[in-house]
Amino acid sequence: MTEHRAPTDLPLSLLDLATVRDGASVAEAVAESVEQAQAAERAGFRRVWYAEHHNMPAIASSATSVLIAHVAAHTESIRLGSGGVMLPNHSPLVIAEQFGTLAELHPGRIDLGVGRAPGTDQRTLQALRRDPSAAERFPQDVLELQGYLTGRTRIPGIEAYPGKGTDVPLYILGSSAFGAQLAAQLGLGYAFASHFAPQMLEHAARLYREHFEPSEALAEPHFIAAANVIAADTREEADREWEAARRARIRMMLGRGRTLSDDEVEMLLHSPAGQQVLTMLECTAVGTGEETATWLRDFAAKVQADELIITTAAQDAGVRRRTLELLGEHVVRA
C-alpha cells in the first residue's frame, strides 16, 4: 500500500455546482462562481472543478469548458477543470479540442475529469442527439481521448488541433465500482462522488488502490473523495445554514417542477422519500472552521484519500466564501 500524507498535509479542492439561486440570473450565478474561484485561490485550494448537467434550471455549468475558460481568465494560478464532462454526450475528439484549447490558453492549469453518466434524464439525452448505449463505449472513449491529448492517437490520421501533446491530466469520476476499476486499470486519478452518493465510497476506494496499475500518466494511485462543507464563525450559524441546505435539497429533489410550501417541505423532511434524499448528504461537515477541519481530516484518513474536493453546501454566497476562508486557515495553511 502506498504511503499517505499526514493528516495535516491535506490538499483541498472545490467542486463548484454553479448554483442559480431562486430569483437570480445565470449571469449572477456565473459571477458568483468567479468569486468562489478567486476565494479558493486566495485560500490555497488546489483546484476548482465544474460539472456538466443539462436541462436543470438551477445549475449554470452545462457548457463546462466555456465556464472554465471564463473563470480561468479571472484567476491567476489555481487549477481548473471538469468534475466532470459526461463523455457519452460528446465525441472524444471534440472534448480533446476544447480542453486542448484551454490548456494552450492556460498552460499547467487545466484538468479533465470524465464520467459516463448522462448528467440528465433520458428525454434530454435524446435532445443531445446521443445514443443511450454510448455509455457502454466509455472505456474505449477514454482511451481515444487520452490518445488525442498525449499525441499518440488511436485513430490513424486523426489528431486533435489544439489538443495534441498537451497531456491534459485525465481523471475518472464515479460513484460505483466500475469507475474505480477502470481508473485503476488505466493508471489514472479517480474521484468519487461521495458528496451525493456515499454508499460505495469505501469499497470503491479499496478497489482502486488494490488494483491500481502504474502508467505514464500516474506512478501511484491518486484518490479524491468529495464532501459537503458548511463552515461558519459560530456553530449556531453553521447549523442554520445546514438546515436551509437540507430544505433546499428536498425542494430540488422532490418538488417535481412545482414550488413547495414550507409546510410541505417540513412534511417531506420526515417522509421515507425525504430521508432517502438526506442520506445522499451523509458526507457533510458542519461547524466552525476548527470543527470542520477535524471532520475532514478524519474523513480523509478513513477512506485513505490523497485529496478532498468539497462543495460549499450553504445557500448564501457569503457563507460559501467564508467556508473557503475558514478551510484555508484551518486545513490548507494549518
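Residues numbered from 1 in each chain as written. Predicted model: local features only at pLDDT ≥ 70, side-chain atom pairs only at ≥ 80, totals over all residues. Heavy atoms only, no water.

Now for the packing of helix H8 (residues 235–254) against helix H9 (residues 262–269). Two numbers describe how H8 lies on H9: the axes approach to 10 Å, and their chain directions differ by 95 degrees. One element, H8, and the other, H9, form an angle in the roughly perpendicular class. Taking contact as the criterion, the partners of Glu243, Arg246, Arg247, Ile250, Arg251 and Leu254 in H8 are, on H9, Asp262, Val265, Glu266, Leu268 and Leu269. Grouping the amino acids of the contact of H8 with H9 by side-chain chemistry returns five nonpolar, no polar and six charged. (Axes fitted to C-alpha atoms, helices over the stretch in contact; angles between N-to-C directions. Helix = DSSP H or I, 4+ residues; strand = E, 2+ residues; numbered from the N terminus. Parallel < 35°, antiparallel > 145°, perpendicular 65-115°, else oblique. Contact = heavy atoms within 4.5 Å. Nonpolar A, V, L, I, M, F, W, Y, C, P; charged D, E, K, R; others polar.)

All right, on to the packing of aromatic side chains then. The tally for this structure, following the rule as stated, stands at seven aromatic pairs. Measuring from ring centre to ring centre gives 5.0 Å for tryptophan 295 and phenylalanine 299, while their planes differ by 20 degrees; the resulting arrangement is stacked. With tryptophan 295 and phenylalanine 299 both in helix H11 (residues 289–303) and four residues apart, the pair spans about one turn of that helix. Judged by relative accessible area, which is 27%, tryptophan 295 ranks as partly exposed. Through a chain of ring-to-ring contacts, three or more aromatic side chains come together here, namely Tyr190, Phe192, Tyr208, Phe212 and Phe223. (Phe/Tyr/Trp six-rings, centres within 6.5 Å; stacked < 30°, edge-to-face > 60°. Buried < 20%, exposed > 50% of the residue type's maximum accessible area, 1.4 Å probe, protein only.)

What follows covers the pairing of strand E7 (residues 223–231). On a regular strand, one side chain projects to one face of the sheet and the next to the other, so that they alternate. Along E7, nine of the nine residues are buried, which leaves the element largely enclosed by surrounding structure. Side chains Phe223, Ala225, Ala227, Val229 and Ala231 of E7 all project onto a buried face; the interleaved residues Ile224, Ala226, Asn228 and Ile230 project onto the opposite face, where all are buried too. Summarising the sheet, E7 and strand E9 (residues 307–312) pair through six bridges and their orientation is parallel. If you follow alanine 227 over to E9, its bridge partner there is isoleucine 310. Across four bridges, E7 lies against strand E8 (residues 284–287) in parallel orientation. By the bridge assignment for E8, asparagine 228 is matched with threonine 284. (Pairing = 2+ DSSP bridges.)

Once that is clear, we can look at the pattern of salt bridges. Considering all chains together, one arrives at 19 salt bridges under this definition. In this structure, glutamate 32 engages arginine 320 in a salt bridge whose closest nitrogen and oxygen atoms are separated by 3.0 Å. One end of the pair, glutamate 32, is in helix H1 (residues 26–43); the other, arginine 320, is in helix H12 (residues 317–332), with 288 residues separating them in the sequence. As far as the burial class goes, glutamate 32 and arginine 320 line up, both buried. The shortest N-O distance in the salt bridge between arginine 321 and glutamate 35 comes to 3.0 Å. Here the residue arginine 321 occupies a position in helix H12, and glutamate 35 occupies one in helix H1, the gap between them amounting to 286 residues. One network of salt bridges, in which partners are shared, links Arg46, Arg47, Arg79, Asp111 and Glu307. (Salt bridge = Lys/Arg side-chain N within 4 Å of Asp/Glu carboxyl O.)

Next up on the list: the nonpolar core. In terms of nonpolar packing, the biggest core is built from 75 residues, with Phe45, Leu112, Val114 and Phe223 touching the most fellow members. Per-element accounting of this core gives the leading share, seven residues, to H1. Contacts of phenylalanine 45, omitting those with residues within four sequence positions, involve Leu12, Ser13, Leu14, Ala40, Ile78, Ile310, Leu324, Leu327, Gly328 and Val332. Formed by nine residues, the second largest nonpolar core is a distinct cluster that contains Leu268, Leu269, Val277 and Leu281. (Core = buried A, V, L, I, M, F, W, Y, C linked by side-chain atoms within 4.5 Å.)

By the element assignment, valine 85 lies in strand E3 (residues 79–86). Remark: the alpha-carbon pair of valine 85 and valine 303, spanning 218 residues in sequence, is separated by 25 Å. Non-local contacts of valine 85, meaning those with residues more than four positions away in its chain, are made with Glu52, His90, Ile95, Phe99, Leu112, Gly113, Val114 and Gly115.

All right, on to the packing of helix H6 (residues 177–186) against helix H7 (residues 201–211) then. One way to put it is that H6 packs onto H7 with a least axis distance of 8 Å and a crossing angle of 20 degrees. Considering the angle they form, H6 stands roughly parallel to H7. H7 is crossed by H6, and the crossing has right-handed handedness. Packed against H6, whose contacting residues are Ala177, Ala180, Gln181, Ala183 and Ala184, the element H7 presents His203, Ala204, Leu207, Tyr208 and His211 at the interface. Residue classes in the contact of H6 with H7 are distributed as seven nonpolar, three polar and no charged. (Left-handed = near helix turned anticlockwise from the far one by under 90°.)

As a further point, take unusual backbone geometry. Note the cis peptide between glycine 83 and glycine 84, where omega equals 5 degrees. When you line up the elements, glycine 84 lands in strand E3. For the bond from tyrosine 161 to proline 162, the omega torsion is -5 degrees, close enough to zero to count as cis. With respect to the helices and strands, proline 162 occurs in the loop between helix H5 (138–150) and strand E5 (170–174). Phi is positive for alanine 18, which is not a glycine, with a value near 50 degrees.

The values are spatial; any link to function lies outside them.
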